[in-house]
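The chain contents come next:
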2 protein chains.
Amino acid sequence: MTLKNLRKDNYPEWYQNVVAEAEMAENSASPGCMVIKSWGYGMWERIRDIFDEKFKETGHENYYFPMFIPLSFFQKEADHVEGFAKEMAVVTHSRLENKDGKLKPASPLDEPLIVRPTSETIIADSFSKWIKSYRDLPVLVNQWANVVRWEMRPRLFLRTREFLWQEGHTAHSTAQEAEEETLRMLEVYREVVEDYLAMPVLVGRKPEHEKFPGAIDTYCIEAMMQDGKALQAGTSHFLGQNFAKSANISFVNKNNQPEYAYTTSWGVSTRLIGGLIMNHADDEGMVVPPAVAPYQVVIIPLIKKEEDRAAIIAYVENLRNELKGKMPLGDKIRVKIDLRDKKPVDKFWDWSKKGAPVIVEVGMRDIEGGNLMVRERLKINTPEGKEIVAKEVFVSTIEERLATIQKQIFERAKSRLEQNIRTDIKTKEQFAEYFSNSNEWIEDGKVGKVGFVRGKWCGDPQTEEILKSMKITIRCIPFDQSNSEGECLLTGKPATMDVIYSRCY
Amino acid sequence: MTLKNLRKDNYPEWYQNVVAEAEMAENSASPGCMVIKSWGYGMWERIRDIFDEKFKETGHENYYFPMFIPLSFFQKEADHVEGFAKEMAVVTHSRLENKDGKLKPASPLDEPLIVRPTSETIIADSFSKWIKSYRDLPVLVNQWANVVRWEMRPRLFLRTREFLWQEGHTAHSTAQEAEEETLRMLEVYREVVEDYLAMPVLVGRKPEHEKFPGAIDTYCIEAMMQDGKALQAGTSHFLGQNFAKSANISFVNKNNQPEYAYTTSWGVSTRLIGGLIMNHADDEGMVVPPAVAPYQVVIIPLIKKEEDRAAIIAYVENLRNELKGKMPLGDKIRVKIDLRDKKPVDKFWDWSKKGAPVIVEVGMRDIEGGNLMVRERLKINTPEGKEIVAKEVFVSTIEERLATIQKQIFERAKSRLEQNIRTDIKTKEQFAEYFSNSNEWIEDGKVGKVGFVRGKWCGDPQTEEILKSMKITIRCIPFDQSNSEGECLLTGKPATMDVIYSRCY
């Protein structure tokens, strides 16, 4: 099996193969759930640590709330339960018993428990106990957790029944402060996703029918995959007083009057790793931006004669330690020496398929010459793909090298995004014709058949049906509105609002 | 409410109050589950990071496996299901539906799913796919996750239905290698729990009836709480080929013969935080060892005149940054400036109840004199409790100060443990008399009424019943055996094996 051509001919299969060959995740015996393998989990650890630092810098603290939510809690907020009821894992028993050699559920619970699809309801219950006065506000909480949504068509990282995420939950004494928080965290998402995951995004507000169930406003960052489809990469919700009213989060304000608090919630998940793959991977497999790579430099020792082993190992360990002393991107360089019992060429292709940013080969001749064979993943099939670099130079320039790679990966994705937002589609007919095409892989630096359309929307609720029938979505209402007059691309009616249309994951 | 005397008169209630006043955790609306608050979760983050580094240093990588385990997986290993069947959360439905305004579980699953009580069965299934040849071994996996055991008498941190833990799972080509791994990880547990959590432990093997369900051998570290009861702080299991046979983890060995792999598993949990409390807290509340304290130094600015505010804030921020530059205990100093709208004296008592190791107060007079008011949590009620220290001296000696506090906390607990292991109880009658006493708080440096007994055990399975009736357990068979002759403290029969007897959590 080769990834070549597959990306063009069968993009979904290419995706699956990249995940498998990079050993990032796989399907498990537990239906619809995945096993995240170390290379994929290592990216999640990096993503978690980067976000965690930003959340703490913006005043949030980590808590942990129960994953089981009493069913009655969902009865409280009508929109919320409506949004999630169809995809909930329900715990009904607390024991197994052996009946004629077969295990059966036993001891039914008085009240069924829901495995959290999201934690607004149970966290609101805690907030209602903690918040009494305006002096108790704001409450700024984050949680790293697993959540469950019963997806019927699971796909690794993109849609699995269980996934890992972070969910921020905050309460404030004024609507304005809560709205500011919602947008502050959206900006944290944009910053981390662009600067560390190297995924350029569009930023905006969701239309009414795409809002989080129970929210007043949902804001989002939206990325473009290599096939021109959108991936929602993070959302931030202004919940107004909806959850405060249903859970009774009330406080005495500065005027000594009782008032409901204003809450927010915001989350990103392991779905981001799916985004990394569909933004950056290529015909050779995965490409990981250095800032989130579990290992940024992989060293492969070339041991031709057994008597050289000790000298080569000592040399590469010393090289690793020199590199680790460097501190780029706010952290130590992450280095792996691959000592597996395997041919060097096979090791090289393993790490290449995993997308390690820099692979270094070191043999006795290199050591004698004071050189290293350096191969950057991005240049793998180019004439510059093999570089002989003096060891001292390699060590002293590793930070710039990784920063340059990070930038190259981002620029490539940014150029794809910018080139594939059509702004010249002005009529309903042009729009229908554009989306009569199927999405397919867009070559680097090219304009593909289908990408995003930035155009007018009349905002009429009936357009939801039209979108459904065309299998197209409104990704967001961008913050930068032109306010010009035009024709709604769905109904042909006069419209001024600019929105982003596209197919999506 | 005061904690004074409570520790002596009602140790369990003292424990609850310490947890509540330190704001470490609380009961939640989800039955038997807890909300871990930021001060408790911050300790867990530290514990996680320390262990994680040690696991990676010993060659393990983090993975994530599904939390839902198909019921049939438990049918495979008889002892294993026997051990956990009575306390399992069972998911039976995947949807809620609205029936006459009431939400009811709908869409029953073909096969019920168990929320993992531990992951041997599902991880063994993955191992069986990954392992084909001796070249694929060893496989060294760790997972950070939530697990569920349906406790009927929950207690914060010690026994909750959901808790957080780490579980290591490894597979090896020989029994010897797997046994070495089991003991290697036990030693990692001992090291981290003693050196970072400052909890001295006894190390040994569990008797047959206390083994992990499905294990050949279970090893453990056991700590003594302030009331002389034992807390199992970590376990490491040699599973032999039991799970390999039930899940078919087989490989072709070096002689080209098929063979079942040898597996291990090992875990520690948020229970350790309960151990921290019952080892170190006192009449004033929690005491956190610096190595696992979310904040090691808390700075309280004393602002008497509003016009001094800017100068004082600038000064303490500068102090924080100077302290953060220091790198003790393998990490940056963790500093908090408490800017809450609250009286300084109330802030002081808040942090004191939380057990922050060092609390520094800074007012305008201190700044002018170049001094700081330094208060160590351990010395809170002693004449040395208030120290005036020149700022430069405080900053330059903070590492030694924290290291000294860490040592003092450990030594205090170690002295309690050592003084309260009775080795002079030689007969059944003496033993029965000793344990006719109830456990109660043991004053620092004193011998309490009830602690541990190190004495003989004949090993007869019938002694299990005697232990149950006396509500006493055998904590471990220590590695350092005397091999002397004596009388079994339960049956009076001749016996040579030394064991540790005690009541436990």
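Residues numbered from 1 in each chain as written. Chains lettered and ligands numbered in written order. Predicted model: local features only at pLDDT ≥ 70, side-chain atom pairs only at ≥ 80, totals over all residues.

1. Overview of the overall build of chain A
In step 1: Across its full length, chain A holds 16 helices and 25 strands.
In step 2: For 505 residues, the compact-globule formula gives about 23 Å, and the C-alpha radius of gyration of chain A, at 26 Å, lands near that figure.
In step 3: Looking at the 505 residues of chain A, the share that counts as buried comes to 51%.
In step 4: Look at the contacts in chain A between residues 6 or more apart in sequence, and 69% of them connect residues 24 or more apart. (Helix = DSSP H or I, 4+ residues; strand = E, 2+ residues; numbered from the N terminus. Rg over C-alpha atoms; globule rule 2.2 N^0.38 Å. Buried ≥ 20, exposed ≤ 12 C-beta atoms within 10 Å, placed from the backbone. Contact = placed C-beta atoms within 7 Å.)

2. With respect to the environment of Leu-109 of chain B
Residues and elements named next belong to chain B.
In step 1: Relative to the helices and strands, Leu-109 resides in strand β6 (residues 102-115).
In step 2: With 18 C-beta atoms packed within 10 Å, Leu-109 lands in the partly exposed category.
In step 3: Put simply, Leu-109 and Thr-92 are 17 residues apart on the chain and 5.5 Å apart in space, counted from C-alpha to C-alpha.
In step 4: Ignoring any residue separated from it by four or fewer positions in sequence, one finds Leu-109 in contact with Val-91, Thr-92, His-93 and Ser-94.

3. Examining the sheet that holds strand β11 (residues 230-240) of chain B
Residues and elements named next belong to chain B.
In step 1: Ordered in space as β3-β7-β8-β14-β11-β10-β9-β22-β25-β21-β20, the 11 strands form an open sheet in which the pairing is mixed. Edge strands, defined here as strands with exactly one partner in the open sheet, are β3 (61-62) and β20 (421-422).
In step 2: Relative to strand β8 (residues 162-172), strand β7 (residues 139-148) runs antiparallel, the two sharing 10 bridges. Each bridged residue has a counterpart across the sheet, and for Val-148 the counterpart in β8 is Glu-162. (Pairing = 2+ DSSP bridges.)

4. Concerning unusual backbone geometry
In step 1: Of note, the bond from Leu-137 of chain A into Pro-138 of chain A is cis; its omega dihedral lies within 30 degrees of zero at -5°.
In step 2: Its place among the elements puts Pro-138 of chain A in the loop between α6 (120-130) and β7 (139-148).
In step 3: We note that Lys-471 of chain A has phi near 55°; this positive angle belongs to a residue other than glycine.
In step 4: Of note, Lys-471 of chain A is situated in the loop between α16 (463-470) and β22 (473-478).
In step 5: Within the chain, Asn-483 of chain B stands out as a residue other than glycine whose phi angle is a positive 60°.

5. Considerations on the relation of the copies chain B and chain A
In step 1: Superposing chain B onto chain A requires a rotation of 180° together with a translation of 0.0 Å along the rotation axis, leaving an RMSD of 0.0 Å. Here the two chains are linked by the operation of a two-fold rotation axis. Of every C-alpha in chain B, the one belonging to Val-91 of chain B sits nearest the axis of rotation, 2.1 Å from it.
In step 2: With an isologous cut-off of 70% or more, the 100% of interface residues of chain B that recur at the interface of chain A puts this contact in the isologous class. (Least-squares fit on C-alpha atoms with pLDDT ≥ 70 in both.)

6. Focus: the domain arrangement of chain A
In step 1: Domain parsing of chain A yields domain 1 (6-280), domain 2 (290-404) and domain 3 (420-502).
In step 2: Relative placement of domain 2 of chain A and domain 3 of chain A: their C-alpha centres are 46 Å apart. (Domains from an automatic or database assignment.)

7. A closer look at the environment of Leu-96 of chain A
Residues and elements named next belong to chain A.
In step 1: Relative to the elements of secondary structure, Leu-96 occurs in strand β5 (residues 90-99).
In step 2: On the basis of neighbour counts, which here come to 24 C-beta atoms within 10 Å, the residue Leu-96 falls in the buried class.
In step 3: As for Leu-96 and Ala-106, which are separated by 10 residues in sequence, their C-alpha atoms are 5.2 Å apart.

8. A short note on the interface of chain B and chain A
In step 1: Contact with chain B, which involves 49 residues of that partner, is made by 49 residues of chain A.
In step 2: Ranked by the residues each element gives to the side of chain B that touches chain A, the list is headed by strand β5 (residues 90-99) of chain B, at seven residues.

9. Overview of the packing of helix α3 (residues 38-57) of chain B against helix α9 (residues 271-280) of chain B
Residues and elements named next belong to chain B.
In step 1: Closest axis-to-axis distance for the α3/α9 pair is 10 Å, and the angle between their directions is 110°. Between α3 and α9, the angle falls in the class roughly perpendicular. The handedness of the crossing between α3 and α9 is right-handed. For the pair α3 and α9, contact is made by Gly-40, Met-43, Trp-44 and Ile-47 and by Leu-272, Ile-273 and Leu-276, respectively.
In step 2: Residue composition of the contact of α3 with α9, grouped by class: six nonpolar, one polar and no charged. (Axes fitted to C-alpha atoms, helices over the stretch in contact; angles between N-to-C directions. Parallel < 35°, antiparallel > 145°, perpendicular 65-115°, else oblique. Left-handed = near helix turned anticlockwise from the far one by under 90°. Nonpolar A, V, L, I, M, F, W, Y, C, P; charged D, E, K, R; others polar.)

10. Overview of the pairing of strand β21 (residues 452-457) of chain B
Every regular strand shows the same layout, with side chains that alternate between the two sheet faces.
Residues and elements named next belong to chain B.
In step 1: Most of β21 is tucked away, with five of its six residues classed as buried.
In step 2: Alignment of β20 against β21, held across two bridges, turns out to be parallel. The partner of Arg-422 across the bridge, within β21, is Val-453.
In step 3: In terms of handedness, the path from β20 via helix α15 (residues 428-434) over to β21 forms a crossover that is right-handed.
In step 4: Pairing of β21 with strand β25 (residues 497-502), which is carried by five bridges, proceeds in the antiparallel orientation. By the bridge assignment, Arg-454 is partnered in β25 with Ile-500. (Right-handed = clockwise from strand over helix to strand, strands pointing away.)

11. Description of the sheet that holds strand β17 (residues 358-363) of chain A
All names here are of chain A.
In step 1: The five strands lie next to each other as β16-β15-β17-β18-β19, forming an open sheet whose pairing is mixed. Lying at the two open borders of the sheet, with one neighbouring strand each, are β16 (335-337) and β19 (387-390). Sheet twist, expressed as the mean angle between neighbouring strand axes with direction ignored, is 30°.
In step 2: Relative to β19, strand β18 (residues 371-376) is paired through four bridges, and the arrangement is antiparallel. Note on β19: the bridge partner recorded for Val-374 is Glu-387.
In step 3: In the packing of helix α10 (residues 309-324) onto the sheet, contacts are made with β15 (297-302), β16 and β17, and the angle to β15 comes to roughly 165°.

12. Some thoughts on the environment of Thr-92 of chain A
In step 1: Relative to the elements of secondary structure, Thr-92 of chain A occurs in strand β5.
In step 2: A count of 20 C-beta atoms within 10 Å places Thr-92 of chain A in the buried class.
In step 3: Residues Thr-92 of chain A and Pro-112 of chain A, spaced 20 residues apart in sequence, show a C-alpha to C-alpha distance of 4.9 Å.
In step 4: Among residues more than four places away in sequence, those in contact with Thr-92 of chain A are Pro-108, Leu-109 and Pro-112 of chain A together with Val-90, Thr-92, His-93 and Pro-105 of chain B.

13. A look at helix α14 (residues 398-419) of chain B
Residue and element names in this part refer to chain B.
In step 1: In this model α14 runs 32 Å from its N-terminal to its C-terminal C-alpha over 22 residues, within 8% of the 32 Å that 1.5 Å per residue would give.
In step 2: Listed as buried for α14 are Ile-398, Arg-401, Leu-402, Ile-405, Gln-406, Ile-409, Phe-410, Ala-413, Arg-416 and Leu-417. Axial view of α14: buried residues confined to an arc of 165°, hence all on one face. Of the exposed residues in α14, those oriented more than 90 degrees away from the buried face are Glu-400, Glu-411 and Glu-418. (Expected span 1.5 Å × (residues − 1). Arc of directions from axis to C-beta.)

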